[in-house]
Amino acid sequence: MVHEILFVIFGLICVAGAVNLLVQRHPINSALSLVVVMASLALIYLLLGAEFVAAIQVIVYAGAIMVLFVFVIMLLNAGVEERSTGSKVALLLGIPGVIVLGCLVGWIMISNNQRLGGIRINTADFGDTHNIARLLFQNFLLPFEITSVLILIAIMGAVVLGRRSS
Amino acid sequence: MTDTLHLWVIPLLPLAGAAINGLFGRRFNNAVVSAVALLSTAASFAYALWAITQALHMGLPYNRSVATWITAGSFSAPFGFYLDQLSIVMVLVVTGVGFLIHVYSVGYMAHEGGFYRFFAYLNLFMFFMLTLVLANNYLLMFVGWEGVGLASYLLIGFFFLKDSAADSGKKAFIVNRIGDFAFLIGMFLLIKHFGTLNFDGVFKAVSGMPVEAGWGLLTIIALCLMVGATGKSAQVPLYVWLPDAMEGPTPVSALIHAATMVTAGIYMIARSNAIFSRSPHALEVVAIIGCITAIFAATMGMAQTDIKRVLAYSTVSQLGYMFLACGVAAYSAGIFHLMTHAFFKALLFLGAGSVIHALGGEQDMRRMGGLWKKIPWTHAVMLTATLAIAGIPPFAGFFSKDEILGQVFSSPHGSKVLWVIGVITAGLTSFYMFRLYFMTFHGELRLGKVDIGEEAHATTAPAHAGHGAAAHSHGHGDDPAHGHGGVHESPWVMLGPLVVLAIGSIVAGWVGIPAFMHGSNNFGQFLAPVIKSGAPTSPTAMEHVSEAAGQPREEQPENPGEEWALASTSVVVALIGLLIAWYLYKKRPELPARITARMHGIYLTVLHKYYIDEGYGLLFVKPLLALSTVVFWRGVDQGIIDGLVNGAGSASKGIGGELRRMQSGNIRSYAAWVALGGAAVIAYMIWMGVGK
Amino acid sequence: MVPLAWYLILSAILFCLGVLGFLIKRNIITIFMSIELMLNAVNLTFVAFANYWNQHAVAVSDKIVPLSGQVFVFFVMVVAAAEAAVGLAIIIAVFRTRETLNVDRVNLLKL
C-alpha cells in the first residue's frame, strides 16, 4: 500500500519534471527540471531495492553530468530560446509518431499486466553493492576495462574539441 | 537409299563463288572476280548435266534427303533434293541461261563500280534459285523463294546511291512479301492437314483425294499458293514491282526478271499440279488472272517509251500466258513457254543492253533509230528475238504460244472467251514488240535531236538517269556524242551469249512440235510423268480424264483441222500486229503522234500505267505509312516503349528528388523520421504477435 | 505490490517525453538533455526488470540476471557520461563557429 502511494508520488514528480523540461524556454530551467527528474528516479530505484544504482544515479548523473550541462549553459550564455521554424516534418509527422509509439508500448504493457506480475521491495541480496562489485570485477571485467578506455577516449575527445583553435 | 548424285553440289558451287567474291572480291581485280563467278556457274552447269545423265539412267524421280533440318513433334523437314523431269528442265534453264548472262555481264559491267559485289550477288541468286528448283519439300523451296527475293532486292538496288533504285528494290521486296505471306499460309495448311511438306508425302496424300466440286481444303491451299506465285511472278495485282525493277542493271533484268526468278511461281504451280488439278475453282482463278494480266500488261507495253520498260511489261504479259496455261491444267505447255521465253526474253534484254551500251546510256526509244546499219549483230539477234516473241513460225515462241492457246481453246478447263483474249494479246504483243524493233533500229537516228514531251519524260526519267549515272564512270554520261567513237558494236564477250541465245530462240521450240504438225511433242512427252502423277484419276464429269487416265492431257487426240485453224489464227494475228507496227513506225512515222494527240486522255492513262501505282499508293501505302508513323512510331515506340524506359528513369529521378528532401540537414526532422520509423516497427511487431 | 507494468509505463512515458523534447526544442543543449531523459527512462526499465527477475527466477543460473541488470545500468551511466562530455564539447565547438545554439541554423549538411 505504502509502496504504491510512494511510487505514484515519485512517478508523478518524474513526469512533471519531464513535462516542465519541455515547457520551459530557458535552458537552465530545463536543466534544473531534469535534475528533479533524476532525483525522483533515484528514489524510485530505492523503492525497487537497487540502492547502489540509486546512489550512482545521484552521484554520477545528477551530480556530475547535470553539473556539466549547467556549466556549459552558463559558459555559452545560452539565452531564451528563439522561435524559428525549421522542419515541418518534425512537427507534423514526428509528434504523431511519438504518440503512436507511446500508446503502442503502453498498450502492450497494459494488456500483459496479468502475466507480468508485481514488484516487491526486495531482500537485501538484490541491490547489494558487494554482489554487484563481485559481478562487475569478475564476470564483466572486460566490459569494465573497456569502459575505462572509453572514458579516456571521451576525455581526449572533449579536450581536443573544446580547444580553442589557435 | 544412298545419295550417289550429290545434288546439293549444284546449288553450293555458286554459293562458294558468291562467298569468295563477296568476302575477298574487293581485293581482286576484274579478271579474277569474273573468273571465280564464271567458273562456279559453269561448274554448276556441268555438274548438273552429269547428274542429269546419271539420273536418267537410274530412273526418275531421284529424291534424296541429305540431312534433317527441322524436327518438331511429328513434323520434320529435311534438306533434300529432288530431280525429276520438271526440275531437270528448270535446272538446265537456270544454269544454262544463267551462265550465258554471267558471261555477258563480264563485258557489260566492266566499267562499273562494285564489280565484285555484282557477281557475288549474281552467284548468290543462282544458289537460291537452284535451291528453289531442286528442293524436295516446300520449306526448302520457300528458302530458295525468299532468297531469290533477297537477291532481287540486292540487285535491283545495286546502284544504291540512287534513290529510285533503292526504292524500287524495296518495292520489289515488299510486294513479294505479300505473296510470300499467302504462300506461308498455304504451307501451314499443308502442315496441318497432311503433316508434312515433302513433295512425295503431300502429293501421295493428295492423290487419294477426289476432285473438289466446291471451295474445299485443296482449293484454299491452291489459292494461297497461287497468291504467292502472283507476287513472285508479277501477276495482277502484285505485278507493280516488275517495271520498277528495271532500275537494276540490264543483266539483272535479263536473268532475274525474265528468265528465272519470275518463273519460280510458274514452276511452283506446275510442281503442285496434283493440288491444282483437284480444285477446279482454283484453276479458274489462275486462268482468269493469267489472262487479265496478259492483256493488261500488253496494253501498257504499247505506250511505253523506255526500251526496258516495254520489255518489262512484255515479261508480265508472257508470264500471264504461262499462268493461263497452268490455269487450264496444261502445265507442260506452261513450262514449255517458260523455257522458250527464257531464251528470247533474256535475249531481248541483253540485246537491249547492247543497244543501250552502244548509244552510251540512252534508253528512250524516241531517241533511237537507224541502228541496223551501225550495230548489225545486235540488230540480227534482236530481230530473231522479236520474231520469236511475236509467235512467228518457225521460231520458238510460236510453238509454245500456240500450244498454250490450243489448250486454252480445247481443254475442259479452258474457255473460248479466254482463248479470244489470248489471241488478241498475241496480236498486241506482236504489235508492241515490232514497234520497239522499228523505233530502235529503223528510221534515222534521233539521238539528241528530238524534244521529248513533259509527261513522258517524267515517267522514264528515273530509269533513264539511273543508267546514265551508272555509266558515268564509263565516261558516257547522257550526252549523245559517245565518249569513244560514236555508236559502236558491243564486244564479243557480250555478243557471244547473244548469239547462243538467238540460236536457242530459234530451235528451242522444235522440241515441242505438236502431233498435228507431224512432230512428236517430245517436250510434252518428257514432262508427262510429272503431270500424270498428279492428275486425278477418279471419274468426274470430265470424260477425257477417265478415258485417258494414263495419258497426260496434252496427248488428247485432237481434231487436226481444228488445230491447224487455231494455229493459223494466231499466226495471222501476229502478222497483223507486225503490219500495223510497220505502218505506224516505219512507213509513216508521223502518224503515232497524230493518233495519240487525238486520243489524248486514253493515251495519258495508259502511259501512266492506268495510275495503278498511284492508286496503290493512295489505298495502301499512304494509310500504312500514316498508321506506322502515328500509331507505331509516335504511339507505341515513342510513347509506350520510350515512355516506359524514360519513365523509369524520370520516375527514379522523381522519387530520388522527393527522397532527397529527407536529407534536409535539419536534425529535428531526422529525429521525426526515426520516431516514425520506430513506431512503424513496433506496430509491425505487435501485429506479428510479439506482445501477446 | 506495484505491478511491473506500471514501472514500464512510467518508463515509456518518460521516453516519449524525451523524444518529444527532441522534436520540439530548438536549443541544442535542451535537445541533449532530452537524450539524457531517454537514457534515464531506459535505465528505469532495466532496474525494474532486474527486480522482477530476482523474484521470478527459476533456475540457479538465473541468479546472475538480476544483478547483471544493474551492472548494465552502471555501464549505461558510464557511457552517458562519456557521451555527454564529448557531445557538449562538440556543442561548444559548433557554437564557436556558428555563433548560435539554434539547431535549425546548423543545417549545412543538407543535400
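Enquirer: Describe in detail the overall build of chain C, supporting the description with residues and values.
Expert: Tallying secondary structure elements over chain C gives 3 helices and 1 strand in all. Beginning at the N terminus, the succession of helices and strands in chain C can be written as β-α-α-α. Residues classed as buried in chain C amount to 55% of the 111 residues present. Taking as baseline every contact in chain C between residues at least 6 positions apart, the subset at least 24 positions apart corresponds to 49%.

Enquirer: Break down the overall build of chain A for me, with residues and values.
Expert: On a plain count of helices and strands, chain A comes out with 7 helices and 1 strand. Shown N-terminal to C-terminal, the secondary structure of chain A runs as helices and strands in the order α-α-α-α-α-β-α-α. Relative to its 166 residues, chain A shows a buried fraction of 33%. Taking as baseline every contact in chain A between residues at least 6 positions apart, the subset at least 24 positions apart corresponds to 58%.

Enquirer: I'd like a rundown of the interface of chain A and chain B, residues and numbers included.
Expert: Each side of the interface is counted separately: chain A has 15 residues, and chain B has 14 residues. A breakdown of the residues in the side of chain A that touches chain B according to their chemical character gives 9 nonpolar, 6 polar and no charged.

Enquirer: So what about the nonpolar core? Which residues, and what values?
Expert: B:F125, B:M129, B:L324, B:A346 and B:L347 are the most contacted members of the largest nonpolar core, which has 211 residues in total. Ranked by the residues each element gives to this core, the list is headed by helix 15 (residues 331-358) of chain B, at 18 residues. The residues contacting B:A346, other than those within four sequence positions of it, are B:V97, B:I101, B:A254, B:A258, B:A259 and B:L501. Within the second largest apolar cluster, 89 residues are counted, among which are A:L21, A:F126, C:L39 and C:A89.

Enquirer: Quick rundown of the pairing of strand 2 (residues 75-83) of chain B? Include the residues and the values.
Expert: Relative to strand 2 of chain B, strand 1 (residues 62-72) of chain B runs antiparallel, the two being bridged by 9 bridges. Looking at the pairing, B:A72 lines up with B:F75 of strand 2 of chain B.

Enquirer: Provide a residue-level description of the interface of chain C and chain A, including the pertinent values.
Expert: Interfaces are often sized by the amount of accessible area the parts lose when they come together. Each partner contributes residues to the interface: chain C has 64 residues there, and chain A has 73 residues. Those elements that place two or more of their residues in the side of chain C that touches chain A are strand 1 (2-3), helix 1 (4-24), helix 2 (28-56) and helix 3 (64-98) of chain C. Broken down by element, the residue count for the side of chain C that touches chain A peaks at 24 residues, all from helix 3 of chain C. For the side of chain C that touches chain A, the class distribution of residues is 50 nonpolar, 11 polar and 3 charged. Relative to strand 1 of chain C, strand 1 (residues 118-119) of chain A runs antiparallel, the two sharing 2 bridges. Within strand 1 of chain C, the residue paired with A:G118 across the bridge is C:P3.

Enquirer: Mind laying out the environment of B:A67, listing which residues take part and the relevant values?
Expert: With respect to the helices and strands, the residue B:A67 is situated in strand 1. Taking the C-alpha atoms as reference, B:A67 lies 9.1 Å from B:A77; in sequence the two are 10 residues apart.

Enquirer: Describe the packing of helix 14 (residues 307-327) of chain B against helix 17 (residues 396-410) of chain B, listing the residues and the values that go with them.
Expert: The angle between the axes and the distance between the axes are what describe a pair of packed helices. Residue and element names in this part refer to chain B. Where helix 14 contacts helix 17, the axes come no closer than 9 Å and their chain directions differ by 40 degrees. Classified by the angle their axes make, helix 14 and helix 17 are oblique. Note on packing geometry: the crossing formed by helix 14 with helix 17 is left-handed. From helix 14, Y321, L324 and A325 reach across to helix 17, where they touch K401, I404, Q407 and V408. For the contact of helix 14 with helix 17, the per-class residue count stands at 5 nonpolar, 1 polar and 1 charged.

Enquirer: Account for the environment of A:G79, with residues named and values stated.
Expert: Residues and elements named next belong to chain A. By the element assignment, G79 lies in the loop between helix 3 (51-76) and helix 4 (88-111). With 13 C-beta atoms packed within 10 Å, G79 lands in the partly exposed category. Separated by 52 residues in the primary sequence, G79 and P27 place their C-alpha atoms 7.4 Å from one another.

Enquirer: Which residues make up the environment of B:L579, and what values do they have?
Expert: Considering the arrangement of structural elements, one finds B:L579 in helix 23 (residues 560-587). As for B:L579 and B:F431, which are separated by 148 residues in sequence, their C-alpha atoms are 8.0 Å apart.

Enquirer: Please set out unusual backbone geometry residue by residue, giving values where relevant.
Expert: Residues and elements named next belong to chain B. Following V236, the chain continues into P237 via a peptide bond in cis, with omega recorded as 0 degrees. Between P393 and P394 the backbone carries a cis peptide bond, its omega angle lying at -5 degrees. For P394, the location among the structural elements is in the loop between helix 16 (376-390) and helix 17. Positioned with a positive phi, Y611 is a non-glycine residue whose angle comes to about 55 degrees. Structurally, Y611 is set in the loop between helix 25 (600-607) and helix 26 (612-660).

Enquirer: Tell me about helix 23 of chain B, and please be specific about residues and values.
Expert: Residues and elements named next belong to chain B. Look at helix 23: 38 Å from first C-alpha to last across 28 residues, which is about the 40 Å you get at 1.5 Å a residue. When we look at burial in helix 23, the residues that qualify are L566, A567, S570, V573, A574, G577, L578, A581 and Y585. Of the surrounding secondary structure, the elements contacted by the buried residues of helix 23 are helix 16, helix 17, helix 18 (416-441) and helix 24 (591-598).

Enquirer: Residue-level account of the packing of helix 15 of chain B against helix 16 of chain B, with values.
Expert: All names here are of chain B. Two elements in contact, helix 15 and helix 16, have axes whose closest approach is 9 Å; the angle formed by their N-to-C orientations is 145 degrees. Helix 16 is crossed by helix 15, and the crossing has left-handed handedness. Contacts from F344, L347, L348, G351, S354, V355 and A358 in helix 15 reach T378, V381, M382, A385, A388 and I389 in helix 16. The residue inventory of the contact of helix 15 with helix 16, partitioned by class, reads 10 nonpolar, 3 polar and no charged.

Enquirer: Lay out helix 1 of chain C in plain terms, naming residues and giving numbers.
Expert: Taking 1.5 Å per residue as the helical rise, helix 1 of chain C with its 21 residues ought to reach 30 Å, and the 30 Å between its terminal C-alpha atoms agrees with that figure. For helix 1 of chain C, the tally of buried residues reaches 19 of 21 residues, placing the bulk of the element in the interior.

Enquirer: So, the confidence of the model for chain C: which residues are in play, and what are the values?
Expert: The predicted model of chain C has a mean per-residue pLDDT of 86, with 89% of residues at 70 or higher. At the level of individual helices and strands, chain C shows its lowest average pLDDT in strand 1 of chain C, which scores 84, and its highest in helix 1 of chain C, which scores 91.

About the cut-offs
Residues numbered from 1 in each chain as written. Chains lettered and ligands numbered in written order. Predicted model: local features only at pLDDT ≥ 70, side-chain atom pairs only at ≥ 80, totals over all residues. Helix = DSSP H or I, 4+ residues; strand = E, 2+ residues; numbered from the N terminus. Buried ≥ 20, exposed ≤ 12 C-beta atoms within 10 Å, placed from the backbone. Contact = placed C-beta atoms within 7 Å. Nonpolar A, V, L, I, M, F, W, Y, C, P; charged D, E, K, R; others polar. Core = buried A, V, L, I, M, F, W, Y, C linked by C-beta atoms within 7 Å. Pairing = 2+ DSSP bridges. Axes fitted to C-alpha atoms, helices over the stretch in contact; angles between N-to-C directions. Parallel < 35°, antiparallel > 145°, perpendicular 65-115°, else oblique. Left-handed = near helix turned anticlockwise from the far one by under 90°. Expected span 1.5 Å × (residues − 1). pLDDT = per-residue confidence, 0-100.

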